[in-house]
Amino acid sequence: MNSMDIQKKDSKYIANTYKRFPVALVEGKGAVAKDPEGKEYIDFTSGIGVNSLGYADAGWADAVAAQARRLQHVSNLYSTQPDVEVAERLCEYTGFSKVFFGNSGAEANEGALKVARKYGMEKHGARCNTVITLRNSFHGRTITTLSATGQDSFHQFFFPFTEGFRFVEAGDIEGLRDAVDETVCGIMIELIQGEGGVVPVDAEFVREVARICEEKDLVFAVDEVQTGIGRTGTFLCYEQFGVKPDVVSMAKGIGGGLPLGAVMMNEKTADVLGFGQHGSTFGGNPVACAGAAYVLDRVMKPEFLEEIRNKSEYMKKKLLEIPQIKSVTGLGLMLGAELEEGLTAGETAGKCVEEGLLVLTAKTKLRFLPPLVINYEEIDKGMEILARVLQG
Ligand SMILES: *Cc1c(COP(=O)(O)O)cnc(C)c1O
């Protein structure tokens, strides 16, 4: 099928919940994707922060294919080697005690919210079930994670939404203190609001969240679905904020391209969920976990993480050299660029795609989540296209 055939069938048969770019992709290598006609695209998106090692990494593909040939799924009624390998790597590296595997970011956050509510109920009584989240946050598309998302535009159409959420402005310490009462069981935050516009949350505020959770015995949950797995230059982003959450959710980058989500729990929260209280048919799928074990082996190396930080500095410098870019936010290879007045992120992203560069948007900004393995030559090529497009 050529691009036209694919796009025609797409709009005919696939639910139109996405306004897609007019591009079909059929193969890729590293940070370069190709359409059926052989046109190349530099990838500054990694499938929205998913393909940590880029397209078709040979070691990852071998690990996944070998597991698919051996044992593709057994359900969570039995143990498998890939699952325990991933769980062991995660716990040993982070110091968390236990992990629950799901398949996506929203599910990982559902797990985190269940932990917070059950912890609150058991420790402080049945009324203790409110979770505080931040305005402008994004936590997922299930009814409950939409409820947790602090943006009114997500609270439409699907009533009734799940109750028990209270929103606080990021950075507003007084507002946070006021919002905590005896019904609050936990606080869940992103450290860089990704979908919200690549907006870093103030570090002092984050430490205050940690302090309040400690003081009042609440569950401190960090949504690292986008920021985790090396994305921001440390394995998990909270390492750069001087805090240690009770629960961390992750997903996007962990499977290297296969669906996998994880909730990590510390000593305080590891035993909150007991037999039969949570589950997932697909969660911890051995093929996804075989890929994840390989991703973690690569990403958890100090040299690999250092390279992310180096490339980040390089990308930031290159972005700021473009006259039409007013400012750059974010950490590691999760960057946002604010454009000068008169330029819109959506239109710019569309033109970039035409010119052979895949970029994302977040609110009014351009957003960049290149594969962690992108090389300097690919960065340069992408930046040339971006500069050309912005020049008009
Ligand atoms: C993408 C994202 C989610 C939702 O993940 P899905 O896998 O799409 O369910 C949740 N939280 C954050 C911070 C995200 O970036």
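Being a predicted model, the structure only gives us computed values, none of them experimental.

Along its length, the protein carries twelve helices and 17 strands. In terms of overall size, the protein behaves like a compact globule, its C-alpha atoms giving a radius of gyration of 21 Å where 392 residues would be expected to give roughly 21 Å. Reported as C-alpha extents along the three principal axes, the dimensions of the protein are approximately 60 × 55 × 45 Å. Expressed as a percentage of its 392 residues, the buried residues of the protein come to 54%.

What follows covers the sheet that holds strand β6 (residues 165–168). What holds strands together in a sheet is hydrogen bonding between their backbones, with the strands either parallel or antiparallel. Reading across the sheet, the seven strands line up as β4-β12-β11-β10-β7-β5-β6 and stay open at both edges, with mixed pairing between neighbours. Both outer strands of the open sheet, β4 (98–102) and β6, are each paired with one neighbouring strand and no more. Strand-to-strand twist of the sheet, defined as the mean angle between neighbouring strand axes without regard to direction, takes the value 20°. Direction of pairing for β4 relative to strand β12 (residues 261–265): antiparallel, over a ladder of five bridges. Across the sheet, the residue bridging to F101 is A262, located in β12. Most of the contacts of helix α4 (residues 81–94) go to β4, to which it runs at about 135°, and overall it touches β4, β11 (247–250) and β12.

A word on the confidence of the model for the protein. In the predicted model, the protein carries a mean pLDDT of 98, and the fraction of residues at 70 or more is 100%. Across the protein, the secondary-structure element scoring lowest on mean pLDDT is helix α1 (residues 3–13), at 97, and the one scoring highest is strand β10 (residues 219–223), at 99.

What follows deals with the pattern of salt bridges. For the coordinates displayed, the defined rule picks out 23 salt bridges. R127 is the partner of E182 in a salt bridge, and the nearest nitrogen-oxygen pair spans 3.8 Å. With a gap of 55 residues between them, E182 in the loop between α7 (173–179) and β7 (184–189) and R127 in the loop between α5 (105–124) and β5 (130–134) connect regions that are remote in the sequence. Judged on exposure class, the residue E182 and its partner R127 are both exposed.

Here S147 shows up in helix α6 (residues 143–148). Overall, S147 belongs to the buried group, its relative accessible area being 5%. It is 6.0 Å that separates the C-alpha atoms of S147 and F161, two residues lying 14 residues apart in sequence. Those residues within four positions of S147 in sequence are excluded, and the remaining contacts are H155, F161, T162, F165 and F167.

Strand order in the open sheet formed by four strands is β13-β14-β17-β16, with antiparallel pairing between adjacent strands. At either end of the open sheet lies a strand with only one pairing partner, and these are β13 (325–331) and β16 (360–362). Strand-to-strand twist in this sheet, taken as the mean axis angle between neighbours without regard to direction, amounts to 30°. Where β16 meets strand β17 (residues 365–368), three bridges bridge the pair, whose relative direction is antiparallel. Looking at β17, one finds that L360 is bridged to R367. Of the strands in this sheet, β13, β14 (334–339) and β17 touch helix α10 (residues 302–320), which is tilted by about 165° from β13.

Thresholds, definitions, all that
Residues numbered from 1 in each chain as written. Predicted model: local features only at pLDDT ≥ 70, side-chain atom pairs only at ≥ 80, totals over all residues. Heavy atoms only, no water. Helix = DSSP H or I, 4+ residues; strand = E, 2+ residues; numbered from the N terminus. Rg over C-alpha atoms; globule rule 2.2 N^0.38 Å. Buried < 20%, exposed > 50% of the residue type's maximum accessible area, 1.4 Å probe, protein only. Pairing = 2+ DSSP bridges. Axes fitted to C-alpha atoms, helices over the stretch in contact; angles between N-to-C directions. Contact = heavy atoms within 4.5 Å. pLDDT = per-residue confidence, 0-100. Salt bridge = Lys/Arg side-chain N within 4 Å of Asp/Glu carboxyl O.

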